Amino acid sequence: MISNKVIEIDHLSYDYPDGTPALRDIHLEVYEHESIAILGPNGAGKSTLLYHLNGTLMGEGKVIILGIPVDKKNLKEIRRKVGLVFQSPEDQLFCPTVFDDVAFGPLNMGLDEKSVQHRVEKALEMMGLKGFEGRSAHHLSEGEKKRVALATVLSMDSEILALDEPTDNLDPSGNRMLIERIQSIPQTKVIVTHHLPVAIDLCERAVLLYGGRKMEDLPMRELLKDRALLERFGFDADYAQWMYERNVKFQSSSS
Amino acid sequence: MKHAFLDHHSHTESPVHHLDARAKIIVFFTFILIGVSSPPTAFLLFSLLAMALIGIALLARLPIGHLLKKVLVILPFLFVVTISIPFMKKDAVGGGYNLGLGSLSISQSGLWILWNVVIKSCLGVFSIILLSSTTSFPQLIKGMEKLGSPKIFTMLTSFMYRYSFILIDEMYRMRRARDSRCFGGRWFWQTKVIGHMIGTLFLRSFFRGERVYLAMLSRGYHGTMPETTMERFGLGEILFLFLSPLLLFLRIYLA
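Everything numeric here is computed off the predicted structure, so don't read it as measured data. (Residues numbered from 1 in each chain as written. Chains lettered and ligands numbered in written order. Predicted model: local features only at pLDDT ≥ 70, side-chain atom pairs only at ≥ 80, totals over all residues.)

Quick word on the overall build of chain A
Scanning chain A from terminus to terminus reveals 11 helices and 10 strands. Here the C-alpha radius of gyration of chain A, 18 Å, is about what a compact globule of 255 residues would show, namely 18 Å. Buried residues in chain A amount to 46% of all 255 residues. Of the contacts formed within chain A by residues at least 6 apart in sequence, a portion of 66% connects residues at least 24 apart. (Helix = DSSP H or I, 4+ residues; strand = E, 2+ residues; numbered from the N terminus. Rg over C-alpha atoms; globule rule 2.2 N^0.38 Å. Buried ≥ 20, exposed ≤ 12 C-beta atoms within 10 Å, placed from the backbone. Contact = placed C-beta atoms within 7 Å.)

Here's the deal with the overall build of chain B
In terms of helices and strands, chain B carries 11 helices and 2 strands. Across the 255 residues that make up chain B, the buried fraction comes to 21%. Residue pairs in contact within chain B that sit at least 24 positions apart in sequence constitute 75% of those at least 6 positions apart.

A closer look at the sheet that holds strand 1 (residues 5-15) of chain A
All names here are of chain A. Spatially, the 4 strands line up as an open sheet ordered 2-1-4-5, and their pairing is antiparallel. Two strands close off the open sheet at either side, each with one partner strand: strand 2 (21-31) and strand 5 (68-69). Looking at chain direction, strand 4 (residues 60-65) and strand 5 are connected through 2 bridges and run antiparallel. Within strand 5, the residue paired with Ile-65 across the bridge is Ile-68. (Pairing = 2+ DSSP bridges.)

Side note on the domain arrangement of chain B
Residues and elements named next belong to chain B. Assigned domains of chain B: these are domain 1 (15-146 + 231-254) and domain 2 (151-218). Listed as interface residues are 4 residues of domain 1 and, on the opposing side, 5 residues of domain 2. Considering only residue class, the side of domain 1 that touches domain 2 consists of 3 nonpolar, no polar and 1 charged. (Domains from an automatic or database assignment. Nonpolar A, V, L, I, M, F, W, Y, C, P; charged D, E, K, R; others polar.)

Some points on the environment of Leu-23 of chain A
All names here are of chain A. Structurally, Leu-23 is set in strand 2. Spatially, the C-alpha atoms of Leu-23 and Glu-204 are 24 Å apart, while their sequence positions differ by 181 residues. Aside from chain neighbours lying at most four places away, what touches Leu-23 is Leu-12, Ser-13, Tyr-14, Gly-45, Thr-48, Leu-49, Gly-59 and Gly-212.

Overview of the interface of chain A and chain B
Between chain A and chain B, the residue contacts involve 28 residues of the former and 26 residues of the latter. Of all the elements in the fold, those that place two or more residues in the side of chain A that touches chain B are helix 2 (75-81), helix 3 (89-92) and helix 4 (98-108) of chain A. Among the elements that take part in the side of chain A that touches chain B, helix 4 of chain A stands out by supplying 6 residues, more than any other. Taken together, the residues that form the side of chain A that touches chain B break down as 11 nonpolar, 10 polar and 7 charged.

Quick look at helix 8 (residues 151-179) of chain B
All names here are of chain B. With 29 residues, helix 8 ought to run about 42 Å at 1.5 Å a step, and its terminal C-alpha atoms sit 41 Å apart, in line with that. Along helix 8, the residues that are buried comprise Thr-154, Ser-158, Arg-162 and Phe-165. Those residues of helix 8 hidden inside the fold are in contact with helix 7 (137-146). (Expected span 1.5 Å × (residues − 1).)

What about the pairing of strand 6 (residues 82-85) of chain A?
Residue and element names in this part refer to chain A. In strand 6, alternate side chains face the same way, and those of Val-82 and Leu-84 on one face and Gly-83 and Val-85 on the other are all buried. Inspection of the sheet shows strand 6 paired to strand 7 (residues 160-164) by 4 bridges, in the parallel sense. Within the sheet, the bridge partner assigned to Val-85 lies in strand 7 and is Leu-163.

Comments concerning the packing of helix 6 (residues 142-154) of chain A against helix 7 (residues 172-183) of chain A
Residue and element names in this part refer to chain A. Following both chains from N to C, one finds helix 6 and helix 7 inclined at 15°, their axes separated by 9 Å at the closest point. The pairing of helix 6 with helix 7 is recorded here as roughly parallel in orientation. Like other packed secondary-structure pairs, helix 6 and helix 7 cross with a definite hand, here right-handed. Contacts from Glu-142, Gly-143, Lys-146 and Arg-147 of helix 6 reach helix 7 at Gly-174, Met-177, Leu-178 and Arg-181. Looking at the contact of helix 6 with helix 7 residue by residue, the class counts come to 2 nonpolar, 2 polar and 4 charged. (Axes fitted to C-alpha atoms, helices over the stretch in contact; angles between N-to-C directions. Parallel < 35°, antiparallel > 145°, perpendicular 65-115°, else oblique. Left-handed = near helix turned anticlockwise from the far one by under 90°.)

Side note on the sheet that holds strand 8 (residues 188-193) of chain A
All names here are of chain A. Strand order in the open sheet formed by 6 strands is 6-7-8-3-9-10, with mixed pairing between adjacent strands. Every interior strand has two partners, whereas the edge strands, strand 6 and strand 10 (213-219), have only one. The sheet shows a mean angle of 15° between the axes of neighbouring strands, taken without regard to direction. Pairing of strand 9 (residues 205-210) with strand 10 involves 6 bridges; the strand directions are antiparallel. The residue of strand 10 that forms the bridge with Val-207 is Asp-217.

Section: the pairing of strand 8 of chain A
All names here are of chain A. For strand 8, the tally of buried residues reaches 6 of 6 residues, placing the bulk of the element in the interior. Burial along strand 8 is two-sided: the face carrying Thr-188, Val-190 and Val-192 and the face carrying Lys-189, Ile-191 and Thr-193 are both buried. Pairing analysis gives 5 bridges linking strand 3 (residues 35-39) to strand 8, with the strands arranged parallel. Paired with Ser-35 across the bridge in strand 8 is Lys-189. Inspection of the sheet shows strand 7 paired to strand 8 by 5 bridges, in the parallel sense. Bridging across to strand 8, Asp-164 finds its partner in Val-192.

Points about unusual backbone geometry
All names here are of chain A. Backbone geometry at His-33 places phi at a positive 65°, although glycine is not the residue there. Of note, His-33 is situated in the loop between strand 2 and strand 3. Even without being a glycine, Leu-66 presents a positive backbone phi close to 45°. When you line up the elements, Leu-66 lands in the loop between strand 4 and strand 5. Judged by local crowding, Leu-66 falls into the partly exposed class, with 17 C-beta atoms found within 10 Å.

Here's what the structure looks like:
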């Protein structure tokens, strides 16, 4: 079965305002319900690429989301379709209460009170945050903040989720909990991270960036097998091999 | 880090806490207006106001001692008034000090002015503390907005509330980093470092502002903050609001 192409990026290049090149000639296609990891070292252009998905940044080249080209006149529609979660929840959560933050997107979409209420409830429930409506963001733990940040875009019912370092700064249990919650989200996901374990748990496909260029685009299991490639990108090849063997074992025992 | 010093006790469970913020804002502001507009000789009215406020505090299950301690914030201001006003007017002598170096006399009208300032500021500050201890900050902002406070004002206040905590945290972190690198030396050196810190804090806040704005745009912000409705007034609110005309009546007939 051929599924729909939801993201299509062609010849995308972007320079920072000071002239530093950030992205060079990127091609990328993402299909419906896929979950892809954008991996690479610091400064590789991972986040910059992510910001192009909802028009936060606009470079040269083509970015098409669900058949709609990303340009100034389509921004409103594009932002309904792509929910972008920034790396720091402190930037993502700017309202006095959790409810206001989660309701911000749906209210801007012009939904009526009842459906906003319903969407907020649903999004908070999905993130395991029932009863947090009246809390202020500064009273939450880092893990809770991250989950509220995710709920703020889940409530918009976007077809695509773009997550920038979703598990950054979390302790192991917070990390695990967030990963499980993200796994339960059915939408197409583009996840920027430099943590291989997170990418392995969440994504079936990996795109490797280096110096603003796309170096590789391959299924996750292929990446785990490729010791030379992993080492070139500074990932722990032993861990990857162990994960690969574990997954193979798991799959053969479950089939 | 966690802070709660702005609206301490505002999450306690009590009938007063459950009242709509608008009703509380109106009633407590009536308390202040009535208190401030009364002549200093209206002892009966002042004692009735004080008793009513204490009654509300008891009903709200707030620790009276804690509230009184908070009223002490006016002490420095009162101190300034105390050392100047009683000596300002030269009319009937109300009393005097003999400090051994010569005597100082206090005028009677000066004492009246002092009493006027003390009682009115105490009642006013107590009313505000009661309001902020029974209403959470987000509710307070929403209440002000619904009562017609300019949107730009409530928006700025809510952002300030949200980000003041982050700014304070950032400042503490910087101070800790500074102190762990053996900060000290001559005062000139110190002022330079503090200057740099203020500059850095400003730049960080500026860039955070940019990122928050991007996060807002990503969730469909188009220039106006979306409004959420508040619940309707119930019987409790209507009964509580009756305090306002009652106070007005007392003000007219007692003072």
